[in-house]
Amino acid sequence: SAIGQYSTNLYADRAVSIIQQHDTAKPFFMYLAFQAVHGPLEVPQHYKDEHCGAIQDTDRKTKCGMIAALDEAVNNVTEALKAKGIYDNTFIIFSSDNGGPVHEAASNWPLRGSKITM
């Protein structure tokens, strides 16, 4: 059941499963739209403990943990592609929205502005 699971991990686990089960004789397309890093500011504690110990601000520490979880998820998907032998024949495209809300622990420096600004 997906209830109670962190969505970043849930999405990555499902993507890895799909890759592992894929018939490499056929092409495939995967659109993997993680919800991280995005509000609400929530992440399993171990990501904050393992990666963000030097950060004092609670919100920034949580955001740091969310980034660590996303980084781990992307790595897991990438490693699954390599293990399946299809990494070298794969396009990986990263896309993002217009930056984080600076009033919720985000920093868009060196760019100016944040969400809902031009």
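In case you missed it, the structure is sitting above this.
Residues numbered from 1 in each chain as written. Predicted model: local features only at pLDDT ≥ 70, side-chain atom pairs only at ≥ 80, totals over all residues. Heavy atoms only, no water.

Novice: Help me understand the packing of aromatic side chains in this model?
Specialist: The description of an aromatic ring pair rests on the distance of the ring centres and on the angle between the ring planes. Under the criterion given, the structure shown has zero aromatic pairs. The residue whose ring lies beneath Lys82 is Tyr87, and the NZ or CZ to ring-centre distance is 4.9 Å. (Phe/Tyr/Trp six-rings, centres within 6.5 Å; stacked < 30°, edge-to-face > 60°. Lys NZ or Arg CZ within 6 Å of the ring centre and 35° of its normal.)

Novice: Sorry, what's going on with the nonpolar core here?
Specialist: Across soluble globular proteins, you tend to see nonpolar side chains buried next to one another. Formed by Ala12, Ala15, Val16, Ile19, Phe34, Ala73, Val77, Ala80, Leu81 and Ile86, the largest nonpolar core amounts to ten residues. Listing elements by their share of this core, those giving two or more residues are helix 1 (7-21) and helix 3 (58-84). In this structure, Val16 is in contact with Asn76, Val77 and Ala80, ignoring residues within four places of it in sequence. Judged by nonpolar contacts, the second largest core, of six residues, contains Tyr6, Tyr47, Ala68 and Ala69. (Core = buried A, V, L, I, M, F, W, Y, C linked by side-chain atoms within 4.5 Å. Buried < 20%, exposed > 50% of the residue type's maximum accessible area, 1.4 Å probe, protein only. Helix = DSSP H or I, 4+ residues; strand = E, 2+ residues; numbered from the N terminus. Contact = heavy atoms within 4.5 Å.)

Novice: Any chance you could explain the layout of surface pockets here in plain terms?
Specialist: Empty space left among the atoms is revealed by rolling a probe the size of a water molecule over them. The space that makes up the largest pocket amounts to roughly 1600 Å³. For the largest pocket, the lining is made up of 47 residues, of which Leu32, Ile92, Ile93, Phe94 and Ser95 are closest to its centre. Looking at the lining of the largest pocket element by element, the count peaks at nine residues for helix 3. Grouping the constituent residues of the lining of the largest pocket by class yields 26 nonpolar, 15 polar and six charged. (1 Å grid on protein atoms, 1.4 Å probe; cavity = no way out; pocket = protein on both sides within 12 Å on 5 of 7 lines; lining within 4 Å. Points joined across faces, edges and corners; volume = space filled by probe spheres on them. Nonpolar A, V, L, I, M, F, W, Y, C, P; charged D, E, K, R; others polar.)

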